[in-house]
Amino acid sequence: GQWFDPTSRYQYIEDMNDQDITVIITSFHSGEKIFNCIESISKDVKIIVVENSNDQELIKKIQSKYKNVNCILSEENLGYGGGNNLALSKVTTNYALVVNPDVTLESDTIDKFFLTTNNTKNFGIIAPVSKDEKYTNFNIDNDKNIKEVESVKGFAMFLNMNDLKKINFFDENFFLYFEEIDLCKRVKKNDAKIYIDPSIKVNHLGGTSHNS
C-alpha cells in the first residue's frame, strides 16, 4: 500500500490546534515579563495583547518583533476583566487561552489542552497547574487525574468560546481580583463544567504581572 508517515498526521493535528486557539494577554506596565510569555507560545498561534496603560513604546516593540501578535492599546485602564473582554470580543477561534503576563507555557501546554478537550464533555473552562505553586483545593501530588472543581485561579484559563459567549465573558464591575471567581460561578450556573488538569503545566511567577 501507499507509504504513510505518522509524524505528518501528528504535525497536522498540532497545526489544526494552533489555528483554533487565540491566546489573550492583558498587560499593565508588565515590562519584560510579557516578552517571556510571548516567547513561550508557538509563533503559529494567534495572540492578542491588550495594554491597559498608555505604553505605546511597549506596543511598538511587541508588534515589530512578533508577527502573530495583535496589540490593542486601550484608551483607559479597563482592569483585568475589561481588558480580557476587549480581546475576547476579537476572537474568531473556538477556544481562547487567557494568561497573565507573568506566565510562560511549556512546549506541550497547548497540545495537552486540546487532548483534554477530546476527553472532556460540556466544559466551559479548563485550568492547568502551575509548576511554581499549588492549588489549595487540589493536591496534585496525590491526584494526577483531571478533576471537576467549582472555580480556578485566573492566571491561566482555557475557555470554550461557545459557552463563554453565552455569559458575556467577565463582569467588568470587578476591576481587579475576584473576577475569575465570579466568572466560574456564572459558567457553572450556565450548566458548563470547570476542570483542573494536573497533566497540563505552566510556569507562573505569581503576584508579578505588572512592574512595581
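Please read these numbers as outputs of a predicted model, since none were measured by experiment.

Observations regarding the overall build of the protein chain
Consideration 1: The helix and strand tally for the protein chain stands at seven helices and nine strands.
Consideration 2: For the protein chain, the proportion of its 212 residues judged to be buried stands at 49%.
Consideration 3: Put simply, of all contacts in the protein chain between residues at least 6 apart along the chain, 75% involve residues at least 24 apart.
Consideration 4: Working note: accessible area of the protein chain is about 11,200 Å², and carbon and sulfur atoms make up 48% of it.

Some points on the side chain of T109
Consideration 1: As for its position among the elements, T109 is in helix α5 (residues 109-119).
Consideration 2: Here T109 falls in the buried class, since its relative accessible area comes to 0%.
Consideration 3: With residues near it in sequence (within four places) discarded, T109 still touches I200, K201 and V202.

Considering the nonpolar core
Consideration 1: Within the largest apolar cluster, 33 residues are counted, with the highest numbers of intra-cluster contacts made by V23, I25, I38, V49, I62, V99 and F158.
Consideration 2: Among the elements that make up this core, the one with the highest residue count is helix α2 (residues 33-39) (four residues).
Consideration 3: Beyond its immediate chain neighbours, meaning those up to four positions away, V99 contacts V23, I24, I25, T26, C37, L105, F155 and A156.
Consideration 4: V50, V129, L164 and I196 belong to the second largest nonpolar core, which has 26 residues in total.

Examining the pattern of salt bridges
Note on pairing: side chains with opposite charge can pair once their charged atoms come close.
Consideration 1: Under the criterion given, the structure shown has seven salt bridges.
Consideration 2: Among the ionic pairs, D182 bridges to R186, the shortest N-O distance being 3.0 Å. Residue D182 and its partner R186 are located together in helix α7 (residues 179-189), separated by four residues, close to a single helical turn.
Consideration 3: Classification of R186 by relative accessible area gives partly exposed; the value is 22%.
Consideration 4: When salt bridges with common partners are traced through the structure, they connect E148, E150 and K188 into a single cluster.

Notes on the pairing of strand β2 (residues 46-51)
Consideration 1: With five of six residues buried, β2 lies mostly within the body of the structure.
Consideration 2: Where strand β1 (residues 21-27) meets β2, six bridges bridge the pair, whose relative direction is parallel. Bridge pairing links T26 to V50 in β2.
Consideration 3: Following the backbone out of β1, through α2 and into the adjacent parallel β2, one traces a crossover that is right-handed.
Consideration 4: By the bridge criterion, five bridges tie β2 to strand β3 (residues 69-73) in an arrangement that is parallel. Among the inter-strand pairings, I47 is bridged to a residue of β3, identified as V69.
Consideration 5: Following the chain from β2 across helix α3 (residues 56-65) to the adjacent parallel β3, one finds a crossover that is right-handed.

Thoughts on the confidence of the model for the protein chain
Consideration 1: With 77% of its residues at a pLDDT of 70 or more, the protein chain has an overall mean of 81.
Consideration 2: In the model, residues 208-212 has pLDDT below 50 throughout and makes 16 contacts with residues more than four positions away in sequence or in other chains.

A few points about the packing of aromatic side chains
Consideration 1: Counting across every chain of the model gives seven aromatic pairs.
Consideration 2: Their ring planes at 40° and their centres at 6.4 Å tell us that F35 and Y66 sit as a pair that is tilted. Residue F35 is located in helix α2, and its partner Y66 is located in the loop between α3 and β3; the two are separated by 31 residues in the primary sequence.
Consideration 3: What makes F35 buried here is its relative accessible area of 9%.
Consideration 4: Ring centres 4.7 Å apart and planes at 10° place the aromatic pair F113 and F158 in the stacked group. Of this pair, F113 sits in helix α5 while F158 sits in strand β8 (residues 156-160), and the two are 45 residues apart along the sequence. Across the pair, exposure class does not vary: F113 and F158 are buried alike.

Parameters and conventions
- Residues numbered from 1 in each chain as written.
- Predicted model: local features only at pLDDT ≥ 70, side-chain atom pairs only at ≥ 80, totals over all residues.
- Heavy atoms only, no water.
- Helix = DSSP H or I, 4+ residues; strand = E, 2+ residues; numbered from the N terminus.
- Buried < 20%, exposed > 50% of the residue type's maximum accessible area, 1.4 Å probe, protein only.
- Contact = heavy atoms within 4.5 Å.
- Areas by Shrake-Rupley, 256 points an atom, 1.4 Å probe, with all protein chains shown as cover.
- Core = buried A, V, L, I, M, F, W, Y, C linked by side-chain atoms within 4.5 Å.
- Salt bridge = Lys/Arg side-chain N within 4 Å of Asp/Glu carboxyl O.
- Pairing = 2+ DSSP bridges.
- Right-handed = clockwise from strand over helix to strand, strands pointing away.
- pLDDT = per-residue confidence, 0-100.
- Phe/Tyr/Trp six-rings, centres within 6.5 Å; stacked < 30°, edge-to-face > 60°.

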